[in-house]
Amino acid sequence: MIYNLLGTVIEKLFYWPGWAILRLLTLGHYPPARALPHNRFAVALFAAVVIASGLLMALT
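Presented here is a report on the structure given in the accompanying data block. All values derive from a computational prediction rather than experimental measurement.

A word on the packing of aromatic side chains. Considering all chains together, one arrives at two aromatic pairs under this definition. For the ring pair Tyr15 and Trp16, a centre distance of 5.0 Å and an interplane angle of 75 degrees mean the geometry is edge-to-face. Aromatic pair Trp16 and Trp19: ring centres 5.9 Å apart, planes at 65 degrees, arrangement edge-to-face. Of this pair, Trp16 and Trp19 both sit in helix α1 (residues 2-25), three residues apart, which is roughly one turn of the helix. Given the relative accessible area of 45%, Trp16 is considered partly exposed. Here the aromatic residues Tyr15, Trp16 and Trp19 are joined through ring pairs into a cluster of three or more.

Here we come to the pattern of salt bridges. Under the criterion given, the structure shown has one salt bridge. The shortest N-O distance in the salt bridge between Glu11 and Arg40 comes to 3.4 Å. On the criterion of sequence distance, the pair formed by Glu11 in helix α1 and Arg40 in helix α2 (residues 40-59) is long-range, its members being 29 residues apart. Accessibility expressed as a relative area gives 25% for Glu11, which makes it partly exposed.

Let's shift gears to the side chain of His38. Along the chain, His38 turns up in the loop between α1 and α2. A polar contact of 2.8 Å, which involves the side chain of His38, links it to the side chain of Tyr15. Discounting chain neighbours no more than four positions away, the residues touching His38 are Tyr15, Tyr30, Pro31, Pro32 and Val43.

Moving on to a nonpolar patch on the surface. Taken together, the side chains of Leu5, Val9 and Leu13 present a nonpolar region at the surface, about 290 Å² in accessible area. Locating Val9 in the fold gives a position in helix α1. The class of Val9 is partly exposed, set by a relative accessible area of 39%.

Under the 1.5 Å per step criterion, the end-to-end length of α2 is 29 Å for 20 residues, consistent within 8% with the ideal 28 Å. Restricting attention to buried positions, one finds in α2 the residues Val43, Ala44, Ala47 and Ala48. For α2, the buried positions fall inside an angular range of 135 degrees around the axis, keeping them on one side. Among the exposed residues of α2, those pointing more than 90 degrees away from its buried face are Leu56 and Met57.

Reading the values: rules and limits
- Residues numbered from 1 in each chain as written.
- Predicted model: local features only at pLDDT ≥ 70, side-chain atom pairs only at ≥ 80, totals over all residues.
- Heavy atoms only, no water.
- Phe/Tyr/Trp six-rings, centres within 6.5 Å; stacked < 30°, edge-to-face > 60°.
- Helix = DSSP H or I, 4+ residues; strand = E, 2+ residues; numbered from the N terminus.
- Buried < 20%, exposed > 50% of the residue type's maximum accessible area, 1.4 Å probe, protein only.
- Salt bridge = Lys/Arg side-chain N within 4 Å of Asp/Glu carboxyl O.
- Polar contact = N/O pair within 3.5 Å; in protein donor to acceptor, adjacent residues only side chain to side chain.
- Contact = heavy atoms within 4.5 Å.
- Patch = residues over 30% accessible without salt bridge, like charges linked within 9 Å, V, L, I, M, F, W, Y side chains within 5 Å.
- Areas by Shrake-Rupley, 256 points an atom, 1.4 Å probe, with all protein chains shown as cover.
- Expected span 1.5 Å × (residues − 1).
- Arc of directions from axis to C-beta.

What follows is the structure, given as structure tokens:
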């Protein structure tokens, strides 16, 4: 129950930043267009990790 809620929150908060970061890094190849299926949680989790890493590097 809590894992589902946490997954939903991560996906809602970090999907669009993850989409933008991955589009830049992959030169527009991933994630695909909205109509094509892809792992939205993986995109959001990637953004969460990148943002957390950036914050940690800034604080050290």
